[in-house]
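Spelled out from the first residue to the last, the chains are:
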There are 2 protein chains.
Amino acid sequence: MTGAEALVGTLADNGVAACFANPGTSEMHLVTALDGEPRIRSVLCLFEGVATGAADGFARATGMPAMTLLHLGAGYLNAGANIHNAGRANSPMVNVIGDHAVPHLKYDAPLTSDIMGLAGPNSAWIKSADKVGETGKLASEAFAASLGPKRGPVSLLLPADSAWLEGGEKGAVITPPRLRTVSAEKVTAAATAIKAASKPVIVMNGTALTEAGLQAAARLKAAGIRVLTDTFYAKMRRGAGVFAPERMQYFAEGAMADLEGSDLMLVAGTSLPVAFFSYPGKPSLLVPEGCETFDLGGADTDSAATLSALADTLGAMEAAPVEALKQPEAPSGELNAATVGQSLARHMPENALVSDDGVSNGLMSYLPTQNAQPHDWMMLTGGAIGLGMPLALGAAIGAPDRKVICISGDGAGMYTNQALWSMAREGADVTTIVFVNHSYRILNIELYRTGAGNPGPTAKDMLSIGGPDIDWVKLSESMGVPAVEATTAEAFDAALAQAIAAPGPRLIAAVVPG
Amino acid sequence: MTGAEALVGTLADNGVAACFANPGTSEMHLVTALDGEPRIRSVLCLFEGVATGAADGFARATGMPAMTLLHLGAGYLNAGANIHNAGRANSPMVNVIGDHAVPHLKYDAPLTSDIMGLAGPNSAWIKSADKVGETGKLASEAFAASLGPKRGPVSLLLPADSAWLEGGEKGAVITPPRLRTVSAEKVTAAATAIKAASKPVIVMNGTALTEAGLQAAARLKAAGIRVLTDTFYAKMRRGAGVFAPERMQYFAEGAMADLEGSDLMLVAGTSLPVAFFSYPGKPSLLVPEGCETFDLGGADTDSAATLSALADTLGAMEAAPVEALKQPEAPSGELNAATVGQSLARHMPENALVSDDGVSNGLMSYLPTQNAQPHDWMMLTGGAIGLGMPLALGAAIGAPDRKVICISGDGAGMYTNQALWSMAREGADVTTIVFVNHSYRILNIELYRTGAGNPGPTAKDMLSIGGPDIDWVKLSESMGVPAVEATTAEAFDAALAQAIAAPGPRLIAAVVPG
């Protein structure tokens, strides 16, 4: 078999079931290898950032890495922002980056670049299969590395000659590494610290946000411990029948005011909370002065198991109440993030997957869904906007039996609008809601918060994406996704009900205040 | 003044006249500094690859670097493919990358990344202004470095605190470095080698493709030397009244057959030609066996001066004829790259700037324009498709008195379709022609050439961008650029005449065979 066949076959043997691809000449043998591999569903993406965002969504929906096909260093760069985001979500992903044939590299042809150098910083693991005999073995290694110990995107470079030559050998089927378990001693020490504290708080992420983790968190809550999630997380179970922890505030000053008086902060499945950005005269580390901290294990640990063991050790047998199903009345009047959230709470079907890249409109549409049908909510963890639609695409490929709902800002959506085309091609069951305010609205807030002064005309222009206003209905239809615009809460509610009832991709341009 | 003001003011003092920006929170003080700097025109781009492609176009049109504003490592990654392309075009560009405040970096906030690591490989120069007092000095250094000795994109990181703090000092106004002049000894040696050769050929690029360089090349041609350009170049003067050199063929086997018998190859303003990709059993270096080679200086040298000195040394006083103006009849029947080229040759106004990202339709639309009104043709030199529309945008900002014509494949255009929005906002005088064949057509050719076998259904799907067909008229209109579709040569000819006559952006979806 060719090196490309060995690579693809090894990933398929290990359970990789999807490839999000934007191939070029150097990947032609990978394309034909995929042609002969029915276990992997190949999805063409018209821009590499769509491919990696989709692989992230696939991983969040299934727990398994997808592969991507990227075209040399330039393809990696295009893919890079959503690789950064996936790294911050601890999402496994095997990025296969085609390169020139090894003997061709020294001639510095136009597409040559230092792929190891530019991809290294955001790769949990990176190697180049410079010999055809290595491609299967390295595919196996790459698959394993994406799952641990540092779970995240890995980079496997495949020179074209290693792909096309015969002499490929399949790599091993490996047992995926598991998240680390925190020691009993550490859990006991945490329990002791909690008993000594007057106002303890736990900040959690990772598997703590699964149903099992939240059950443990509910017991800790009932035992008098404040329970918070990170501001942004990869995925959380929410809705009716699920315990709803609080969420750390985004703005540093708000978070600090809210935490005042806490004398012990434990973190589980995450690290100590920090401000998203720095601002003149504002804190970076979001821990009140004098508050003790306790590290219960980072993202590489099973925080659900940790919290459960901690609740046991504390003898916390009662659980705080779970959320009731509350489907609000149909909203009326102004369409805004809150009324969008109301409609979502009414219409979201059971077990929906939500991809949230809503930026300044995210929070207000998030809150009302706490009492919706049980669902999973996925967020942008890395701060590079433009993840929402690709993430939704990948989630829909990974979980074809679930409705996916995508919430995106208009500024965010423009980064990777090509995702709509792949949704149409694949018939992905995604309802995309774009908050259309013709503005980088978050930046208007941030301009003020950073103390950068009153915006003059140039600054205002840099923060407005109106003039011309983007017609999202036309944009969506141009790529084959049926779309409607809604300007009132009533119209949006009706449009959402329709979109959710119909299988396949739909887009609603939700015109909201700027 | 703040560090941001010192940085922006220093670049303006040095003649930087445009900023292509996609700012975020960490760049808010740069945005307000730009607000107070009327010498720099700020252009908002909805995706960073548009910003850097536009800065490349601005540099090609004006010879001067533009600045860009990028948002941390993620912004750099989005910008990266067109930075790669600009590097391969030797286009100066000052990429200002906002970073977290220095004291905030250690907390590893969500958008933190190793910017020096990931941006280093594609930066001709890279530094971080970690102290407010350095921002002006480093801006001056960055500006100079972009212009030489290795002309190309540079990266200046600006931590947010260096931007917002008072204590900035402006940097020096520097004399831009010039391209190196090749020694008289080397020119004499080249002349001697040419006289001893029976079939000499010069491959040229850089300033050899200016009007002055081509005049020298015409003299060498008349003296019996074959004169070729690289397959892809940053910019060449062409059309009526200009000498037209031949162009190296793209496909290695064609290029090698064509060069057979050459016994001396000189290169001026470039390096020895190499195949764009490697293929099983095909050569990488495009120099016939036994052919001597002579390096007359690379991209860092003034190849126009070199060729002129060489012609003088050879006593080559006659010049080969320049092209005559030949404006063909209106084409009729099938719309294809050749008939598009015919219409271009008829309607292109004097001194137009052409941005060519036409991929498989590029060559056939290029050839007929050899006899059009005099113009400059700009190409994709780095192989990362998706440059065409951003390059055209930047060229139009840099040369507002010239008509810009953009030729793009549909696959290429989708990478950076957001450029259309900036064209609309800025009223950029660009006529964009998208070759709509619903296919990565070049890859169908390359699949065959790489010997990757007959495409099965998955492979075919990976190379087709139909299903759904993209509606380019809707896509363009959604971002405010008026558009029409043409399916016949007659309709296209009429649409092109109209678009060129109208100021401001227009798009023509040219439906051509797949």
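The structure this text deals with has already been given above.
Small disclaimer: the values here were computed from a predicted structure and weren't measured.

S.K.: Tell me about the relation of the copies chain A and chain B, and name the residues and values.
M.R.: The second copy of the chain is related to the first by a rotation about an axis and a shift along the axis. The two copies are related by a screw motion: chain A maps onto chain B through a turn of 180 degrees and a shift of 0.0 Å along the axis, at an RMSD of 0.0 Å. Here the two chains are linked by the operation of a two-fold rotation axis. For chain A, the smallest separation between a C-alpha atom and the rotation axis is recorded for Leu118(A), amounting to 2.1 Å. Of the residues that chain A buries at the interface, 99% are likewise interface residues in chain B, meaning the two copies contact each other through the same surface.

S.K.: I'd love a proper account of the packing of helix α1 (residues 3–13) of chain B against helix α2 (residues 28–35) of chain B, names of residues and values included.
M.R.: Residue and element names in this part refer to chain B. Where α1 contacts α2, the axes come no closer than 8 Å and their chain directions differ by 50 degrees. Considering the angle they form, α1 stands oblique to α2. Taken as a pair, α1 and α2 cross one another with a handedness that is right-handed. Between α1, through Ala4, Glu5, Leu7 and Val8, and α2, the contact on the second element is made entirely by His29, Leu30, Ala33 and Leu34. Residue classes in the contact of α1 with α2 are distributed as six nonpolar, one polar and one charged.

S.K.: Describe a nonpolar patch on the surface, listing the residues and the values that go with them.
M.R.: Taken together, the side chains of Leu363(A), Met364(A) and Leu367(A) present a nonpolar region at the surface, about 270 Å² in accessible area. For Met364(A), the location among the structural elements is in helix α14 (residues 362–366).

S.K.: Account for the packing of aromatic side chains, naming residues and giving values.
M.R.: All names here are of chain A. Applying the stated rule across the entire model yields 17 aromatic pairs over all chains. Summarising the aromatic geometry, the rings of tyrosine 250 and phenylalanine 251 are spaced 4.9 Å apart at their centres and angled 65 degrees between planes, so their arrangement reads as edge-to-face. When its relative accessible area of 22% is taken as the criterion, tyrosine 250 is described as partly exposed. Considering the side-chain rings of tyrosine 366 and tryptophan 377, the 5.0 Å spacing of their centres and the 85 degrees angle between planes classify their relative orientation as edge-to-face. One end of the pair, tyrosine 366, is in helix α14; the other, tryptophan 377, is in strand β14 (residues 375–379), with 11 residues separating them in the sequence. Above the face of the tyrosine 366 ring, arginine 238 is positioned so that its terminal group lies 3.7 Å from the ring centre.

S.K.: I'd like to hear about the nonpolar core, residue by residue, with values.
M.R.: One finds Phe20(A), Phe20(B) and Met67(B) to be the most contacted residues of the largest nonpolar core, which totals 204 residues. Setting aside residues up to four positions removed in sequence, Phe20(B) forms contacts with Val43(B), Cys45(B), Ala51(B), Ala54(B), Ala55(B), Phe58(B), Ala66(B), Met67(B), Thr68(B), Leu69(B), Gly394(B) and Ile397(B). Formed by 57 residues, the second largest nonpolar core is a distinct cluster that contains Ala190(A), Val227(A), Met236(A) and Ile500(A).

S.K.: Summarise unusual backbone geometry; cite the residues concerned and give the values.
M.R.: All names here are of chain A. Cis geometry is adopted by the peptide bond preceding proline 468, which originates at glycine 467 and carries an omega value of 0 degrees. Inspection of the secondary structure assignment puts proline 468 in the loop between α19 (457–463) and α20 (472–478). With a phi close to 55 degrees, leucine 72 is a non-glycine residue in the positive phi region. The topology assignment puts leucine 72 in helix α4 (residues 72–88). We classify leucine 72 as buried; its relative accessible area is 0%. The backbone of asparagine 351 shows a phi angle near 70 degrees, a positive value even though the residue is not glycine.

S.K.: Outline the side chain of Glu446(A), supporting the account with residue identities and numerical values.
M.R.: Among the structural elements, Glu446(A) can be located in helix α18 (residues 441–449). For Glu446(A), the side chain forms a polar contact with the side chain of Tyr250(A), separated by 3.0 Å. Excluding its chain neighbours within four sequence positions, the residues that come into contact with Glu446(A) are Tyr250(A), Phe251(A), Phe277(A), Tyr279(A), Thr25(B) and Met28(B).

S.K.: Got a sec to walk through the environment of Ala139(B)? Specific residues and values, please.
M.R.: Residues and elements named next belong to chain B. As for its position among the elements, alanine 139 is in helix α7 (residues 135–147). Distance from alanine 139 to alanine 172, taken between C-alpha atoms, is 8.9 Å for residues 33 residues apart in sequence. Apart from residues no more than four positions distant in its own chain, alanine 139 is found in contact with Leu7, Thr10, Leu11 and Leu156.

Definitions and limits used
- Residues numbered from 1 in each chain as written.
- Chains lettered and ligands numbered in written order.
- Predicted model: local features only at pLDDT ≥ 70, side-chain atom pairs only at ≥ 80, totals over all residues.
- Heavy atoms only, no water.
- Least-squares fit on C-alpha atoms with pLDDT ≥ 70 in both.
- Contact = heavy atoms within 4.5 Å.
- Axes fitted to C-alpha atoms, helices over the stretch in contact; angles between N-to-C directions.
- Helix = DSSP H or I, 4+ residues; strand = E, 2+ residues; numbered from the N terminus.
- Parallel < 35°, antiparallel > 145°, perpendicular 65-115°, else oblique.
- Left-handed = near helix turned anticlockwise from the far one by under 90°.
- Nonpolar A, V, L, I, M, F, W, Y, C, P; charged D, E, K, R; others polar.
- Patch = residues over 30% accessible without salt bridge, like charges linked within 9 Å, V, L, I, M, F, W, Y side chains within 5 Å.
- Areas by Shrake-Rupley, 256 points an atom, 1.4 Å probe, with all protein chains shown as cover.
- Salt bridge = Lys/Arg side-chain N within 4 Å of Asp/Glu carboxyl O.
- Phe/Tyr/Trp six-rings, centres within 6.5 Å; stacked < 30°, edge-to-face > 60°.
- Buried < 20%, exposed > 50% of the residue type's maximum accessible area, 1.4 Å probe, protein only.
- Lys NZ or Arg CZ within 6 Å of the ring centre and 35° of its normal.
- Core = buried A, V, L, I, M, F, W, Y, C linked by side-chain atoms within 4.5 Å.
- Polar contact = N/O pair within 3.5 Å; in protein donor to acceptor, adjacent residues only side chain to side chain.

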